[in-house]
Amino acid sequence: MLRPILRLGDSILSEPARTVDAITPEIETLIDDMIETMYAAPGIGLAAPQVGVSLKIFVIDLSLGKDPAALHAMINPQFVEREGMQLEEEGCLSIPGFTATVARPKRVVVKGLNRHGDEYTIEGTGLLARALQHEIDHLNSCLFVDRLRGISRDLILRKVRKLAKAGKW
Ligand SMILES: [Zn+2]
C-alpha cells in the first residue's frame, strides 16, 4: 500500500525515531509499504518517519527496483565506520523540488537488522554511502537542509514557507 510522504514542516520529521523492539506483522507491512512508496515516488531511499512512523527503519534501492540485490531494508541501523569526504548534490522526497550540495563521508559501514531480525552490515561508498547517511539522518530528525550553511538553508526554508502559505506545499 502506498503511504503519503510527509514534507518538511511536519513535526514527525523533527522527532528522533524510536528503536524497533520486535519485528511484528505491522513492521513487515510497514517495510513493504515503504518499498512500494519509495519505488512509486520514485526515490532511492525512504525512512519510516517520512511516512509518519517514528521508528528506526529505512529502505534504500539505488537501482530503483531493477536489481533485487540492490534493495536494502534495515532496522535499527547504526554506523560502524565513516571515513573520507564527498561533496555532491542531494535531494529528499520530503523536500521536493529542492537540491543542494551536501558534504558527507565518502565511505560508511552500517550495521542493523534485516526484516527477519538477522544482523547484517552494509558497506557503501559514493552514492550508497550518501544514501545511508541521508536515511540515518532522518532517524535522528536531521534533514539535508540541516547540514547546509545558514544562507543556503534559510533560502530553501524561506521558499518552502512561501509555498506553504500559498497552499502549494
Ligand atoms: Zn530524505
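Residues numbered from 1 in each chain as written. Predicted model: local features only at pLDDT ≥ 70, side-chain atom pairs only at ≥ 80, totals over all residues. Heavy atoms only, no water.

A. Inspection of the overall build of the protein chain at higher detail. Within the protein chain, the secondary structure is distributed over three helices and seven strands. Traced from its N-terminal end to its C-terminal end, the protein chain shows the element sequence α-β-β-β-β-β-β-β-α-α. Its C-alpha atoms give the protein chain a radius of gyration of 15 Å, near enough to 15 Å, the size a compact globule of 169 residues would have. Oriented by its inertia axes, the alpha-carbon framework of the protein chain measures out at about 45 × 35 × 30 Å. (Helix = DSSP H or I, 4+ residues; strand = E, 2+ residues; numbered from the N terminus. Rg over C-alpha atoms; globule rule 2.2 N^0.38 Å.)

B. Expanded view of the environment of Leu-128. Tracing the sequence through the fold places Leu-128 in helix H2 (residues 126-139). Judged by its relative accessible area of 16%, Leu-128 falls in the buried class. Each residue touching Leu-128, except ones within four places of it in the same chain, is listed here: Ile-60, Leu-62, Ile-122 and Glu-123. (Buried < 20%, exposed > 50% of the residue type's maximum accessible area, 1.4 Å probe, protein only. Contact = heavy atoms within 4.5 Å.)

C. Seen up close, the environment of Asp-21. Here Asp-21 is to be found in the segment before helix H1 (25-40). Asp-21 gets classed as exposed once you look at its relative accessible area, which sits at 78%. Spatially, the C-alpha atoms of Asp-21 and Ala-40 are 28 Å apart, while their sequence positions differ by 19 residues.

D. Representation of the coordination of the zinc ion in the model. Distances from the zinc ion to its protein donors, Cys-92 (SG), His-134 (NE2) and His-138 (NE2), fall at 2.0 to 2.3 Å. Each donor residue of the zinc ion lies on one chain, and together they are spaced C-x41-H-x3-H. Of this pair, His-134 and His-138 both sit in helix H2, four residues apart, which is roughly one turn of that helix. A residue is classified by how much of its surface remains accessible, and His-134, at 8% relative accessible area, is buried. A relative accessible area of 2% places His-138 in the buried class. (Donors = N, O, S within 2.8 Å, 3.2 Å for Na, K, Ca; no water.)

E. Representation of the sheet that holds strand E3 (residues 71-83) within the structure. Strand order in the open sheet made by the five strands is E1-E2-E3-E6-E7, with antiparallel pairing throughout. The sheet is open, and its two edges are formed by strand E1 (45-47) and strand E7 (119-125), each paired on a single side. In this sheet, neighbouring strand axes are inclined to one another by 40 degrees on average, regardless of whether the strands run parallel or antiparallel. The sheet contact formed by strand E6 (residues 107-113) and E7 spans seven bridges and is antiparallel. Its bridge partner lying in E7, Val-109 is registered against Glu-123. Its contacts with the sheet put H1 on E1, strand E2 (57-61) and E3, and the angle it makes with E2 is roughly 40 degrees. (Pairing = 2+ DSSP bridges. Axes fitted to C-alpha atoms, helices over the stretch in contact; angles between N-to-C directions.)

F. Structural detail: the nonpolar core. Ile-27, Ile-31, Met-34, Ile-57 and Val-59 are the most contacted members of the largest nonpolar core, which has 15 residues in total. Where this core is concerned, the elements lending two or more residues are H1, E2 and E3. A per-element tally of this core places H1 first, with six residues. In this view, Met-34 contacts Leu-46, Ala-47, Ala-48, Val-51, Ile-57, Phe-58 and Val-59; residues no more than four positions away in its chain are not counted. (Core = buried A, V, L, I, M, F, W, Y, C linked by side-chain atoms within 4.5 Å.)

G. Structural view of the environment of Ser-94. Note that Ser-94 resides in the loop between strand E4 (86-91) and strand E5 (99-104). Residue classification places Ser-94 among the buried positions, given a relative accessible area of 0%. Taking the C-alpha atoms as reference, Ser-94 lies 22 Å from Gln-78; in sequence the two are 16 residues apart. The contacts of Ser-94, once residues within four sequence positions are left out, are Ile-5, Leu-6, Arg-7, Leu-8, Leu-13, Gln-50 and Trp-169. Only 2.8 Å separates the side chain of Ser-94 from the backbone oxygen of Leu-6, close enough to count as a polar contact. (Polar contact = N/O pair within 3.5 Å; in protein donor to acceptor, adjacent residues only side chain to side chain.)

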